[in-house]
Amino acid sequence: MYNALVACRTGMGSSMLLKIKVDQVIKENGYPIVAEHSNLDAIDGKSWDFIVTMSDITDDVKDKVPYCIAIRNLMDKEEIKKGIEGFLEFRNNK
Amino acid sequence: MKVIISLLSNAGILVGLISMLGLILQKKSADDVIKGTAKTIIGFLIFNIGSAAIGVTLTNFNTMFQKGFGITGVVTQVEAATALAQGKFGTIVAIVMVIGFAMNLFFARFTPFKNIFLTGQHSLYFACVLTLVLKACNVNNTVTIIVGGTLLGFSAAALPGLCQRYMRKITGNDSLALGHYNHLAYAFSGFLGSKVGNPEHSTENFKFPKWLSIFRDFTMCVAVVMVIVFYVAAFAAGKTVVDGLAKGVDWLVFPLLQGLQFAAAMYVLITGVRMFISEITAAFVAISEKYIPNSRPAVDCPSVFPFAPTAVILGFISAYAAGLVSMGVMIAMKSPIVMIPSASIAFFSGGTAGVFGNSTGGWKGCIAGSFVAGVLLVSLPLMLYPVFAHLGIVGASFPNVDYNIIGTLLYKITQFIQSVIH
């Protein structure tokens, strides 16, 4: 199982919906991932396999986590799916 | 019977039951239902703890500001105002919010207003405003719940539509709506942009210095501004007044600790809100996707930030400058109430107005649109502040544009109806 953090600045509105969509994508595709949802402060609290966040904040966080998925349209499941597949590929090649 | 009434009149238990219902409707497993319900209730209790803590620091601030300047200084921070309302009308606010969700589904299903409003914390804040307005008119609980819930549901389904033509421009498709209750300001910013500028001259051609990104951190933003604001109030009030509040803490250290305490309380409050709305929002998404297939999700404002991140920073600066100018005007005009601009609201709401202005008018549209939004965020709360102060909600106000415009209309109409009836 991989640990994922879904985060935004306050950890309220946008990351909450992103988390709901990420969970839907995980469930539909049976990915071995558990996603948690919080604000950006949670990055330091635990070792995450990857983080999912809105693309405008990835510059601030990408150095702190092994892998970062940047989302532009948070309701776009195809985009989320592509991002997660990118992560799984990255892990398999390691 | 007494046990049941006592249980259900607790707002935390009530939202817990709603989330339990949502989890069962989604056919979740028993342990998920128990966990989700418990987390919702605990989240609500954390929210209450944060609310109480904010109330304490705000009281200290009010005392210093009042004694120092002889006028009332009001923090335009929606979380703080909600915290104060929560202490007085918590259960009614929770019921209005829940009825609002149900009415949103109803309007989206049966009327041409197809937006499903998914920004849970805004539903809570707006429920607060509507409840306070109706309570200020001495409307009884049942009518407050029906009128407040219906108006909330209608606003949720209809208001995002005002921004949709600009959302299409910003995101490049029609699948996403904006769910952030400054729709009137954002739509105006988009309109103004088309008059003053050219979308070709986009803000995204510029780069901003890196340190400005500290304002992206919500807690940081609140802490910096509140420490400054507390020091201003403390110096105005003088050593004697501050010593009276500080209980042994040096008067020059007290404002620092209080400003940070305010940010800490806000952090607790937001953590609670996040916990208690997450299961309810998840259920709301599941229900709307299943039963209202042609609906459009209206989502929180950071969803547009990736499309123009520089416009967000420029919009923030412009909106905050506008807020400071507006505060200066209030002081110059000797207003008995002075609204203090909040940096976090200027970031999220001003930034969003900037993205809208930029989409139609480039950098000029961004600056103009977010400046207007900044003025509205600080000056509109003057309309409802006296009404809420009458209920004991003092020292903090609800800055969002839609809350104030719709809240004021509701207040005037309710008063008119009451004058006809009596």
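Residues numbered from 1 in each chain as written. Chains lettered and ligands numbered in written order. Predicted model: local features only at pLDDT ≥ 70, side-chain atom pairs only at ≥ 80, totals over all residues.

*Asks:* I would appreciate a short explanation of the overall build of chain B in the present structure.
*Replies:* Per the secondary structure count, chain B includes 15 helices and five strands. In terms of overall dimensions, chain B is globule-like: its C-alpha atoms have a radius of gyration of 21 Å, near the 22 Å expected for 422 residues. Principal-axis analysis of the C-alpha atoms gives chain B an extent of 65 × 60 × 50 Å. (Helix = DSSP H or I, 4+ residues; strand = E, 2+ residues; numbered from the N terminus. Rg over C-alpha atoms; globule rule 2.2 N^0.38 Å.)

*Asks:* Which parts of the structure should I look at to understand the overall build of chain A?
*Replies:* Across its full length, chain A carries three helices and four strands. Listing each helix as α and each strand as β along chain A from the N terminus yields β-α-β-β-α-β-α. For 94 residues, the compact-globule formula gives about 12 Å, and the C-alpha radius of gyration of chain A, at 12 Å, lands near that figure. By its C-alpha atoms, chain A is 30 × 25 × 20 Å across when sized along the principal axes.

*Asks:* Explanation requested: the interface of chain B and chain A in the structure shown.
*Replies:* Note on interface size: it is often stated as the accessible area lost on association of the parts. Every contact between the two is made by 25 residues of chain B and, on the other side, 20 residues of chain A. Those elements that provide at least two residues to the side of chain B that touches chain A are helix H11 (254-291) and strand S4 (296-299) of chain B. Considering every element that reaches the side of chain B that touches chain A, the biggest residue donor is H11(B), with seven residues. Residue composition of the side of chain B that touches chain A, by class: 13 nonpolar, eight polar and four charged. (Contact = placed C-beta atoms within 7 Å. Nonpolar A, V, L, I, M, F, W, Y, C, P; charged D, E, K, R; others polar.)

*Asks:* Is there a simple way to think about the packing of helix H2 (residues 11-25) of chain B against H11(B) in this case?
*Replies:* Each pair of packed helices can be summarised by the angle the axes make with each other and by the distance between the axes. All names here are of chain B. Packing of H2 against H11 brings their axes to within 9 Å, and their N-to-C directions diverge by 40°. In this structure, H2 meets H11 at a crossing whose hand is left-handed. Contact with H2, carried on its side by Val15, Ile18, Ser19, Gly22, Leu23 and Leu25, involves Phe276, Glu279, Ile280, Ala283 and Ile287 of H11 and no other residues of that element. (Axes fitted to C-alpha atoms, helices over the stretch in contact; angles between N-to-C directions. Left-handed = near helix turned anticlockwise from the far one by under 90°.)

*Asks:* Looking at this structure, I do not really get the sheet that holds strand S3 (residues 177-178) of chain B. What am I missing?
*Replies:* As a general point, the strands of a sheet are linked pairwise by backbone hydrogen bonds and lie either parallel or antiparallel. All names here are of chain B. On the basis of which strands lie adjacent, the open sheet formed by three strands has the order S2-S4-S3 and parallel pairing. Strands with a single pairing partner mark the edges of an open sheet, and in this sheet they are strand S2 (115-117) and S3. Strand direction decides the pairing type here: S3 and S4, joined by two bridges, are parallel. Bridging across to S4, Leu178 finds its partner in Val299. (Pairing = 2+ DSSP bridges.)

*Asks:* Could you clarify how one ought to interpret the sheet that holds strand S3 (residues 50-54) of chain A in this entry?
*Replies:* All names here are of chain A. The strand order S2-S1-S3-S4 describes an open sheet built from four strands, whose pairing is parallel. Strands with a single pairing partner mark the edges of an open sheet, and in this sheet they are strand S2 (33-39) and strand S4 (68-71). Neighbour-to-neighbour, the strand axes of this sheet turn through a mean angle of 25°, independent of strand direction. The pairing of strand S1 (residues 2-8) with S3 spans three bridges and is classified as parallel. Paired with Ala4 across the strands is Phe50, a residue of S3. Each of S3 and S4 touches helix H3 (residues 77-92); the most contacted strand, S4, lies at about 165° to it.

*Asks:* So what exactly am I meant to see when it comes to helix H5 (residues 120-136) of chain B here?
*Replies:* The periodicity of an α-helix, 3.6 residues per turn, causes residues three or four places apart in sequence to face the same way. Residues and elements named next belong to chain B. Its 17 residues place the ends of H5 24 Å apart at the C-alpha level, agreeing with the 24 Å of an ideal helix rising 1.5 Å per residue. Counted residue by residue, H5 has 17 buried out of 17 residues, so it is predominantly covered. Positive backbone phi, approximately 60°, marks Asn138, located one or two places after H5. (Expected span 1.5 Å × (residues − 1). Buried ≥ 20, exposed ≤ 12 C-beta atoms within 10 Å, placed from the backbone.)

*Asks:* What is the right way to read the packing of helix H4 (residues 78-110) of chain B against helix H6 (residues 141-158) of chain B from this model?
*Replies:* Residue and element names in this part refer to chain B. Closest axis-to-axis distance for the H4/H6 pair is 7 Å, and the angle between their directions is 45°. Judged by the inter-axis angle, H4 sits oblique to H6. Crossing handedness for the pair H4 and H6: right-handed. Seen from H4, the contacting residues are Ile92, Ile95, Val96, Ile99, Gly100, Ala102, Met103, Asn104, Phe106, Phe107 and Ala108; seen from H6, they are Asn141, Thr144, Ile145, Gly148, Gly149, Thr150, Leu152, Gly153, Phe154, Ala156 and Ala157. Considered class by class, the residues forming the contact of H4 with H6 number 14 nonpolar, eight polar and no charged. (Parallel < 35°, antiparallel > 145°, perpendicular 65-115°, else oblique.)

*Asks:* Help me understand the environment of Ala389(B), please; the structure alone is not making it clear to me.
*Replies:* All names here are of chain B. Residue position: Ala389 is located in helix H14 (residues 381-389). In this structure Ala389 comes out as partly exposed when scored by C-beta crowding, with 16 C-beta atoms within 10 Å. The spacing of Ala389 and Gly16 is 373 residues in sequence and 31 Å in space, taken between C-alpha atoms.

*Asks:* I would appreciate a short explanation of the confidence of the model for chain B in the present structure.
*Replies:* Do not read the predicted coordinates in detail wherever pLDDT is low. Residues and elements named next belong to chain B. Confidence along chain B averages 89 in pLDDT terms, with 99% of residues attaining 70 or more. Of all the helices and strands in chain B, helix H1 (residues 2-8) carries the lowest mean pLDDT, 78, while H6 carries the highest, 96. Interface confidence for the predicted complex, given as ipTM, is 0.77, next to a pTM of 0.85. (pLDDT = per-residue confidence, 0-100.)

*Asks:* Could you clarify how one ought to interpret the pairing of S1(A) in this entry?
*Replies:* Successive residues of a regular strand alternate their side chains across the two faces of the sheet. Residues and elements named next belong to chain A. Most of S1 sits inside the fold, with five of its seven residues counted as buried. Direction of pairing for S1 relative to S2: parallel, over a ladder of seven bridges. Looking at the pairing, Ala7 lines up with Ser38 of S2.

*Asks:* Could you clarify how one ought to interpret the environment of Ala70(A) in this entry?
*Replies:* All names here are of chain A. Inspection of the secondary structure puts Ala70 in strand S4. C-beta crowding within 10 Å serves as the criterion here: with 18 such atoms nearby, Ala70 is assigned to the partly exposed category. Separated by 13 residues in the primary sequence, Ala70 and Ile57 have C-alpha atoms spaced 8.3 Å apart. Non-local contacts of Ala70, meaning those with residues more than four positions away in its chain, are made with Thr53, Ser55 and Thr58.

*Asks:* Is there a simple way to think about the environment of Gly100(B) in this case?
*Replies:* Residue and element names in this part refer to chain B. Tracing the sequence through the fold places Gly100 in helix H4. Separated by 54 residues in sequence, Gly100 and Phe154 place their C-alpha atoms 8.0 Å apart. Excluding its chain neighbours within four sequence positions, the residues that come into contact with Gly100 are Ser123, Ala127, Gly149, Leu152, Gly153 and Ala156.

*Asks:* Can you walk me through unusual backbone geometry in this structure?
*Replies:* One can expect most non-glycine residues to show negative phi and most peptide bonds to be in trans. Residue and element names in this part refer to chain B. The residue Asn138 is not glycine, and still its phi comes out positive at about 60°. Within the secondary structure layout, Asn138 lies in the loop between H5 and H6. Here Asn138 falls in the exposed class, since 8 other C-beta atoms lie within 10 Å of it. Residue Lys334 is not a glycine yet carries a positive backbone phi of 55°. With respect to the helices and strands, Lys334 occurs in the loop between helix H12 (309-332) and strand S5 (337-340).

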